[in-house]
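Structural overview
Each chain, written out:
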Amino acid sequence: MAVWSWNAALAFVCGDPVVWKPSEKTLLTALACQALVAEAARRVGAPEGISAVVLGGAPVGEALVDDPRVALISATGSTRMGRAVAPRVAGRFGRLLLELGGNNASIVTPSADLELTARGIVFSAAGTAGQRCTSLRRVIAHSSIADELVARIRSAYESLPIGSPLESSTLVGPLIDGAALEGFTTALDKAAADGGELLTGGSRVLAAEAPDAYYVQPAVVRMPAQTDIVRAETFAPILYVLTYDEFDEALALHNDVPQGLSSSIFTLNVREAERFLAADGSDCGIANVNIGPSGAEIGGAFGGEKETGGGRESGSDAWKAYMRRATNTVNYSSALPLAQGVEFG
């Protein structure tokens, strides 16, 4: 059995029943997903209860984490959650697959196609209102092109349609709740205290039309250095912009965060691209060239390094995490030769 991660289909493929607990903030989505899974199971004749959803707060999750009948805990969420879950699962010798936080960056070099780069950055940073583990949170741009790139990003941000996700024209929907809004504003305040310059966005919008929803203008902040708030993951649409002069400096900034999920570089220089993909380049589990992190990477071995957890969901080998390996020896003869010539008279 496994606690639900968004790649739980692997568990089904491997013949595992799944018991999954969604975030208490996404209950209706969970019930809708469970209805689809139950109908699919019925149509193919799978056993009833092959997938079961349990709803509730932290105590429900803790019960699953501590239950020795749950052989594998596959948990997607924050680094804080992973720190709480990992020792409890290890304490009962359970198996663990973690996919935790990301603080994903794009390095933009002097040779980059800035039109393509700006589109990739805006989609990655503002999409889903920055509430994706693969959302782009940092841009590390060469000082020679930073101003032009920022102008392009700012122009695109100021034209983003914000509103109900039920409307086809909407590109930026709401934050999940009031706590997310508080995290958004607190992070912007800390960035300003560190010398950051808010270039665009940062305000709550549509409060009169939708007082119970939390819409914000995605923010772009020019930072003088990679401070503590930049190194932290804020699950909201804030894009920090830093500059560099030497490529080694860009790599050092890129890797100087505790998270290691996804990453990208925009360059037409093959040597820079290869260096980014090399062992001494991006220290993330996912590295993209001339395309931003977006979540589409799930087609490969999805997961990261460092505080992101180190597990992999999807990809050619991910199914192994949901399987048990057994070694079998079978003697079909009537003889039993023993090692070292041992005989029993």
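The numbering scheme is per chain: residues are counted from 1 as the chain's sequence reads. Reporting of local features is limited, given that this is a predicted model, to residues whose pLDDT is at least 70; pairs of side-chain atoms are given and counted only at 80 or more, and all residues count toward the totals for whole chains, interfaces and linings. The side-chain numbers reported here are obtained from all heavy atoms of the structure, hydrogens and water having been left aside.

Remarks on the overall build of the chain
Rules: Secondary structure elements are defined from DSSP: runs of H or I of at least 4 residues count as helices, runs of E of at least 2 residues count as strands, and each element is numbered from the N terminus. Under the scheme applied here, a residue whose accessible area is under 20% of the maximum for its type counts as buried, over 50% as exposed, and between as partly exposed, the area being computed with a 1.4 Å probe on protein chains only. In this analysis, two residues are considered to be in contact whenever any of their non-hydrogen atoms come within 4.5 Å of each other. Per-residue and other accessible areas follow the Shrake-Rupley method at a 1.4 Å probe size, with only the shown protein chains counted as cover for residues. The charge count includes Lys and Arg as positive and Asp and Glu as negative, but it does not include His or the ends of the chains. Think of each charge as sitting on NZ of Lys, CZ of Arg, CG of Asp or CD of Glu.
Tallying secondary structure elements over the chain gives 10 helices and 16 strands in all. By principal-axis analysis of the C-alpha atoms, the chain measures approximately 90 × 50 × 35 Å. Of all 345 residues assigned to the chain, the portion counted as buried reaches 45%. Considering only intrachain contacts with a sequence separation of at least 6, the fraction spanning at least 24 residues in the chain is 66%. Total accessible area computed for the chain in this model is approximately 17700 Å², and 56% of it derives from carbon and sulfur atoms. Seen as two clouds, the 27 positive and the 38 negative side-chain charges of the chain have centres 6 Å apart.

Notes on the pattern of salt bridges
Short version of the rule: The term salt bridge refers to a pairing of a side-chain nitrogen on Lys or Arg with a carboxyl oxygen on Asp or Glu at a separation within 4 Å.
Scanning all chains against the criterion turns up 17 salt bridges. R42 is the salt-bridge partner of E39, the closest N and O atoms lying 2.6 Å from each other. Placement of both E39 and R42 in helix α2 (residues 27-44) is noted, with a separation of three residues, approximately one turn of the helix. The partner of R88 in a salt bridge is D66, and the shortest N-O contact between them spans 2.5 Å. Placement of R88 in helix α4 (residues 79-91) and of D66 in helix α3 (residues 58-66) is noted, with a sequence separation of 22 residues between them. A relative accessible area of 35% means that R88 is categorised as partly exposed.

Some points on the environment of R222
This is how the line gets drawn: Between N or O atoms, a polar contact is any pair within 3.5 Å; within protein, one atom must be a potential hydrogen donor and the other a potential acceptor, and residues adjacent in sequence are included only when both atoms are from side chains.
With respect to the helices, strands and loops of the structure, R222 is situated in strand β11 (residues 219-222). Counting along the chain gives 108 residues from R222 to V330, while the straight-line C-alpha distance between them is 67 Å. Contact partners of R222, with chain neighbours within four places excluded, come to A146, D147, V150, G195, G196, E197, L199, V241 and T243. At 3.3 Å, the side chain of R222 and the side chain of D147 are in polar contact.

Section: helix α6 (residues 146-157)
How we decide: How far a helix is expected to stretch is found by multiplying one less than its residue total by 1.5 Å. The reported arc concerns the directions from the helix axis to the C-beta atoms and nothing else.
Its 12 residues place the ends of α6 16 Å apart at the C-alpha level, agreeing with the 16 Å of an ideal helix rising 1.5 Å per residue. Within α6 the residues assigned to the buried category are A146, L149, V150, I153 and Y157. For α6, the buried positions fall inside an angular range of 100 degrees around the axis, keeping them on one side. The elements touched by buried residues of α6 are β6 (104-108), α5 (114-126), β7 (136-142), β8 (197-200), β11 and β12 (238-244).

Focus: the confidence of the model for the chain
Stated precisely, the cut-off is as follows: pLDDT expresses, on a scale from 0 to 100, how confident the predictor is about each individual residue.
Across the chain, pLDDT averages 92, with 97% of residues at or above 70. Within the model, the stretch residues 1-6 combines pLDDT values under 50 with 34 contacts to residues more than four positions away or in other chains.

So, the side chain of R92
Along the polypeptide, R92 turns up in the loop between α4 and β5 (95-99). With sequence-adjacent residues up to four places away left out, R92 is seen in contact with L64, V65, D66, D67, P68, V70 and I73.

Digging into the sheet that holds β8
Quick note on the threshold: Here, a strand pair is defined by DSSP locating no fewer than two bridges between the strands. Only the stretch in contact is used when a helix axis is fitted, and all axes are lines through C-alpha atoms; the angle between N-to-C directions ranges over 0 to 180 degrees.
Pairing in this open sheet of seven strands is mixed, and the strands run β8-β11-β12-β7-β6-β14-β15 from one edge to the other. The sheet is open, and its two edges are formed by β8 and β15 (286-289), each paired on a single side. In this sheet, neighbouring strand axes are inclined to one another by 25 degrees on average, regardless of whether the strands run parallel or antiparallel. In terms of strand pairing, β8 meets β11 through three bridges, oriented antiparallel. The residue of β11 that forms the bridge with E197 is R222. Its contacts with the sheet put helix α10 (residues 270-277) on β6, β14 (262-266) and β15, and the angle it makes with β15 is roughly 170 degrees.

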